[in-house]
Amino acid sequence: MNLADSAFLRACHRRPVSRTPVWYMRQAGRSLPEYLKVREGVPMLTACATPDLIVEITMQPVRRYGVDAAIFFSDIVVPLKAIGVDLDIKPGVGPVVADPIRDAAGLDALRPLEPGDVAYVTEAIGALTGELGGTPLIGFAGAPFTLGSYLIEGGPSKNHDRTKAMMYGEPKLWHALMERLSGIVLEHLRIQIAAGVSAVQLFDSWVGAVAPDDYREFILPHTRRIFEGVAGVPRIHFGVGTGELLGVLGEAGADVVGVDWRVPLDEAARRVGPGKALQGNLDPAILLAPWEVVERKAREVLRRGSAAEGHVFNLGHGVLPSTDPDQLKRLTDLVHEYDPAS
Ligand SMILES: Cc1c2[nH]c(c1CCC(=O)O)Cc1[nH]c(c(CCC(=O)O)c1C)Cc1[nH]c(c(CCC(=O)O)c1C)Cc1[nH]c(c(C)c1CCC(=O)O)C2
């Protein structure tokens, strides 16, 4: 099948589809026994820099579930590690940064990214596009706010206090940091597109912590620059807890807006405005409930999703590690059996 005819790319472009496309954030990972097996004894960031492992892990959920898109196996901190930022991913914790950025001198750690820094990414994407055939591959990057939060806080954070303190208290430093990160993110996405990905997703996972006016002032110019720089493939923009931000996210320039489970998709379509497809939004925790509950809730997502100009079925955030893979397989089949014209 021709890639451009894939249900996923058609839905991103708001064209009619014969079935609703589906993939899952974090579809590759700890809920899969075959993932745990190949990751045995291999640190996360080592796996992310090893083309054979990247290819195998990216393919695992495609083989098992028959999803309509693959997502490149990596992490949002990979480009930062690649330019020499001293960080690690601690199991059960997340990214931890050795020297958090707190002042202008800290910006020196962020030099521009060059293709040679992530040659393993280019190599793995080349191999994957061959293996995937007609299944699109999604490239991704973390957005400047979410990456900035890890760099400023030094690790995962509940309230992003230091991040906001810099944003409100030192706006010049904040914008300088966002500018450096935008440059790195933009280059990382361009490298992935040049290597052959069919779509890109910008993960601004923690941006729901910010009010709409502050998003417009402190973040929007930077996300706009990124999306303008990668026109040519569908651009997906995702964050958690963004119900109040959906309107302003719609202004950032993506083709598809990812929605978490807190806002039903028909309401999200109204908030985002015309000219966008939506992606989402089953609560990942629902997959821990009996199948009958999953089925009822998934049908509700599909029904409400039909109010959007295009709908890519997904969870409202990543697959939880304790998810039974059989539930995801059944869910994938259910979405495929649903008639989007009904
Ligand atoms: C915030 C964020 C991170 N990383 C990412 C985000 C944005 C998406 C989101 O909001 O979930 C993005 C990411 N990280 C990973 C992927 C793989 C692709 C996919 O979606 O299948 C993607 C898209 C692999 C991973 N990234 C990570 C794992 C688990 C580590 C492991 O398996 O050893 C995987 C499979 C580690 C990681 N990296 C990060 C966290 C919070 C964690 C979890 C820490 C933990 O609980 O163990 C930072």
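Residues numbered from 1 in each chain as written. Predicted model: local features only at pLDDT ≥ 70, side-chain atom pairs only at ≥ 80, totals over all residues. Heavy atoms only, no water.

- Under an unreviewed UniProt entry, the protein chain has the name Uroporphyrinogen decarboxylase and belongs to Nonomuraea antimicrobica.
- According to the UniProt record, the Subunit (unreviewed entry) comment for the protein chain reads "Homodimer." (UniProt positions renumbered as here; feature names shortened; annotations may be inferred.)

## Examining the side chain of glutamine 201
Moving on, step 1. With respect to the helices and strands, glutamine 201 occurs in strand E5 (residues 199–203).
Moving on, step 2. The exposure class assigned to glutamine 201 is buried, which follows from its relative accessible area of 0%.
Moving on, step 3. Non-local contacts of glutamine 201, meaning those with residues more than four positions away in its chain, are made with Trp23, Met25, Ile138, Gly139, Phe140, Ala141, Ile236, Phe238 and Gln279. (Helix = DSSP H or I, 4+ residues; strand = E, 2+ residues; numbered from the N terminus. Buried < 20%, exposed > 50% of the residue type's maximum accessible area, 1.4 Å probe, protein only. Contact = heavy atoms within 4.5 Å.)

## Brief notes about the confidence of the model for the protein chain
Low-confidence regions, as indicated by low pLDDT, have predicted coordinates that should not be scrutinised in detail.
Moving on, step 1. Across the protein chain, pLDDT averages 97, with 100% of residues at or above 70.
Moving on, step 2. The ipTM assigned to the predicted complex is 0.92, against a pTM of 0.97. (pLDDT = per-residue confidence, 0-100.)

## Regarding the UniProt feature "domain: Uroporphyrinogen decarboxylase (URO-D)" (unreviewed entry) in the protein chain
Moving on, step 1. Mapped onto the present numbering, the UniProt feature "domain: Uroporphyrinogen decarboxylase (URO-D)" (unreviewed entry) falls on residues 21–30 and 138–154.
Moving on, step 2. Helix makes up 0% of residues 21–30 and strand 0%. Its end C-alpha atoms lie 23 Å apart.
Moving on, step 3. Secondary structure across residues 138–154 comprises 59% helix and 29% strand; the distance between its end C-alpha atoms is 28 Å.

## Thoughts on the nonpolar core
Moving on, step 1. The biggest cluster of nonpolar side chains holds 124 residues, and the ones touching the most others in it are Phe8, Leu110, Tyr215, Phe313 and Leu331.
Moving on, step 2. The element contributing the most residues to this core is helix H9 (residues 171–195), with 11 residues.
Moving on, step 3. Not counting the four nearest positions on each side in its chain, phenylalanine 8 is found in contact with Pro21, Trp23, Asp68, Ala69, Pro136, Ile138, Ala199, Ile236, Gln279 and Val312. (Core = buried A, V, L, I, M, F, W, Y, C linked by side-chain atoms within 4.5 Å.)

## Thoughts on the pattern of salt bridges
For side chains of opposite charge, pairing can occur when their charged atoms come near one another.
Moving on, step 1. In total, this model carries 16 salt bridges according to the counting rule given.
Moving on, step 2. Ionic pairing is found between glutamate 300 and arginine 303, a salt bridge with its closest N-O pair at 3.1 Å. Residue glutamate 300 and its partner arginine 303 are located together in helix H14 (residues 291–305), separated by 3 residues, close to a single helical turn.
Moving on, step 3. Overlapping salt bridges, with partners in common, bring together Asp266, Glu300, Arg303 and Arg304 in one network. (Salt bridge = Lys/Arg side-chain N within 4 Å of Asp/Glu carboxyl O.)

## What to know about the sheet that holds strand E7 (residues 256–258)
Moving on, step 1. With parallel pairing, the 7 strands of this open sheet are ordered in space as E1-E4-E5-E6-E7-E8-E9. The two strands at the open ends of the sheet, each matched to only one other strand, are strand E1 (70–71) and strand E9 (311–315).
Moving on, step 2. The pairing of strand E6 (residues 235–238) with E7 spans 3 bridges and is classified as parallel. Within the sheet, the bridge partner assigned to phenylalanine 238 lies in E7 and is glycine 258. (Pairing = 2+ DSSP bridges.)

## What to know about the site of the ligand
Moving on, step 1. The full set close to the ligand counts 26 residues, and Arg26, Tyr35, Asp75, Ser205 and His317 are the nearest of them.
Moving on, step 2. Between the ligand and the protein, one listed contact pairs an oxygen atom with a backbone N or O atom of alanine 28 at 3.1 Å.
Moving on, step 3. Side-chain polar atom of histidine 317 to an oxygen atom of the ligand: 2.6 Å apart, as the coordinates give it.
Moving on, step 4. Summarising the interface, the protein chains cover 91% of the accessible area of the ligand, which totals 870 Å² for the free molecule. (Near = heavy atom within 4 Å. Polar contact = N/O pair within 3.5 Å; in protein donor to acceptor, adjacent residues only side chain to side chain. Areas by Shrake-Rupley, 256 points an atom, 1.4 Å probe, with all protein chains shown as cover.)

## Notes on the packing of H9 against helix H11 (residues 220–229)
When two helices pack together, their arrangement is given by the angle between their axes and by how far apart the axes lie.
Moving on, step 1. Contact pair H9 / H11: the axes reach a minimum separation of 9 Å and the direction vectors enclose 20°. Taken together, the axes of H9 and H11 lie roughly parallel to each other. Considering the relative orientation of H9 and H11, their crossing is right-handed. Packed against H9, whose contacting residues are His175, Met178, Glu179, Ser182, Gly183, Val185, Leu186, Leu189 and Arg190, the element H11 presents His222, Arg225, Ile226 and Gly229 at the interface.
Moving on, step 2. Its residues assigned to classes, the contact of H9 with H11 comprises 5 nonpolar, 5 polar and 3 charged. (Axes fitted to C-alpha atoms, helices over the stretch in contact; angles between N-to-C directions. Parallel < 35°, antiparallel > 145°, perpendicular 65-115°, else oblique. Left-handed = near helix turned anticlockwise from the far one by under 90°. Nonpolar A, V, L, I, M, F, W, Y, C, P; charged D, E, K, R; others polar.)

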